[in-house]
Every structure is written in C-alpha cells, then in structure tokens.
Amino acid sequence: QVQLVESGGGLVQAGGSLRLSCAASGLTFSRYAMGWFRQAPGKEREFVAAISWSGGTTYYYADSVKGRFTISRDNAKNTVYLQMNSLKPEDTAVYYCAAKPFAAGRDISDYDIWGQGTQVTVSS
C-alpha cells in the first residue's frame, strides 16, 4: 500500500526556519514527481512547490514562496523535503506532501497520492 507521511511541522516565530520531511513507501519513488501543498483556515488548498522524478532537476514554486522555500529529494531514502526560511505569519497552514507519476506539475488535480499533513504555525 502506498503511503506518504509528513513530519517536521511546529511553531516558529516570524523570520525563522523549518524543514519538513515526507517519507514514502509502497511505490517506486524515483518514478514519481513530488509536490508540497498547503491549506490555511478558511482557504482552499494551494500549490507550494514541486520537483521532477528525472534526477530532481526541474522545479516549480508558487510566487508567494519563491526565494524562501526550497524543495529537494533523496531517492535513496524515499524522502522529499521542504526547507522553509524567512517564515511569515501568512505561511501558517497544514502542509501536505503529494505524489504524481512522472512529470512534475502545479495542478492539484494531477496528484493522486496524499499524506495526512503536518501543521506549521508562524507567530508574529
């Protein structure tokens, strides 16, 4: 059974950093593009970042996080990461890891495997 499990969320002050991890099992990890999404209270789930399966050299970022967040993957560990720097209160949300076959993308409807999420809270 395919599973994605997020970890690394928590409470941090504005300007601080967190690194989220997503551990995958039950799939050929290197053949899946991976993405991070987030959902704040009262908001729709939105795209954050994505990385390709073909060597992890293609990246997409939402404009709101570009220059502050970095997505990466370690295929040997079946793990994808989201390094979050210069955090802002508006980054507060539940962060979800997701997977889709082959090509990286921004569209939430293209992802068919989801984790349960990890809470990130940024205080001012």
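Conventions adopted
Residue numbers restart at each chain and count upward from 1, following the sequence in its written direction. Given that this is a predicted model, residues contribute local features only at a pLDDT of at least 70 and side-chain atom pairs are listed and counted only at 80 or more, while totals for whole chains, interfaces and linings are drawn from all residues. Values reported for side chains reflect all heavy atoms of the structure, with hydrogen atoms and water molecules removed beforehand. Between 30 and 60 degrees the pair is tilted, below 30 it is stacked and above 60 it is edge-to-face, where a pair is any two Phe, Tyr or Trp rings, Trp via its six-membered ring, whose centres lie within 6.5 Å. Secondary structure elements follow DSSP: runs of H or I of four or more residues count as helices, runs of E of two or more count as strands, with numbering from the N terminus. By definition here, charges over rings are those cases where NZ of Lys or CZ of Arg is within 6 Å of the ring centre and within 35 degrees of the ring normal. Whether a residue is buried, partly exposed or exposed follows from its accessible area with a 1.4 Å probe, protein chains only, as a fraction of its type maximum: under 20%, in between, or over 50%, in that order. Pairs of N or O atoms within 3.5 Å make up the polar contacts considered here, provided that, within protein, one atom can donate a hydrogen while the other can accept it, and that residues adjacent in sequence are counted only when both atoms are side-chain atoms. In this analysis, two residues are considered to be in contact whenever any of their non-hydrogen atoms come within 4.5 Å of each other. Think of a salt bridge as a Lys or Arg side-chain nitrogen and an Asp or Glu carboxyl oxygen that are within 4 Å of each other. Criterion for a disulfide: a pair of cysteine sulfur atoms within 2.5 Å.

## A closer look at the packing of aromatic side chains
By the definition in use, this model includes four aromatic pairs. Ring geometry for phenylalanine 37 and tryptophan 114: centres 5.1 Å apart, planes at 50°, overall tilted. Here phenylalanine 37 is found in strand E4 (residues 32-39), whereas its partner tryptophan 114 is found in strand E10 (residues 113-114), with 77 residues between them in sequence. Here a set of aromatic residues connected by ring pairs shows up, and it is made of Phe37, Phe47, Tyr111 and Trp114. Arginine 45 extends its terminal NZ or CZ atom over the ring of tryptophan 114, reaching a point 5.1 Å from the ring centre. The ring of phenylalanine 29 carries the charged tip of arginine 73 above its face, separated from the ring centre by 4.4 Å.

## Some points on the side chain of aspartate 91
Here aspartate 91 lies in the loop between strand E8 (79-84) and strand E9 (93-101). We classify aspartate 91 as buried; its relative accessible area is 1%. Separated by 2.9 Å, the side chains of aspartate 91 and arginine 38 make a polar contact. Apart from the residues lying within four places of it in its own chain, the contact partners of aspartate 91 are Arg38, Arg68, Phe69, Ser86, Val120 and Val122.

## Comments concerning the pattern of salt bridges
Throughout the structure, instances matching the rule amount to three salt bridges. For glutamate 46, the salt bridge goes to arginine 38, with nearest N and O atoms at 2.7 Å. Classification of arginine 38 as buried rests on a relative accessible area of 6%. Here aspartate 91 makes a salt bridge to arginine 38, at a shortest N to O gap of 2.9 Å. Remark: arginine 38 occurs in strand E4 and aspartate 91 occurs in the loop between E8 and E9; sequence separation between them is 53 residues.

## Overview of the state of the cysteines
Taken as a whole and judged by the stated rule, the model has one disulfide. Across the disulfide, cysteine 22 is cross-linked to cysteine 97 (sulfur-sulfur distance 2.1 Å). Taking the torsion about the sulfur-sulfur bond, which here is approximately -80°, the covalent link between cysteine 22 and cysteine 97 counts as left-handed. Linking cysteine 22 in strand E3 (residues 18-25) with cysteine 97 in strand E9, this pair joins segments that are 75 residues apart in sequence.

## Considering the environment of asparagine 78
Of note, asparagine 78 is situated in the loop between strand E7 (69-74) and E8. Through-space distance from the C-alpha of asparagine 78 to that of phenylalanine 29 is 5.9 Å; in sequence the pair is 49 residues apart. Beyond its immediate chain neighbours, meaning those up to four positions away, asparagine 78 contacts Cys22, Ala23, Ala24 and Phe29.

## As for the environment of alanine 76
Here alanine 76 is to be found in the loop between E7 and E8. Counting along the chain gives 46 residues from alanine 76 to serine 30, while the straight-line C-alpha distance between them is 8.7 Å.

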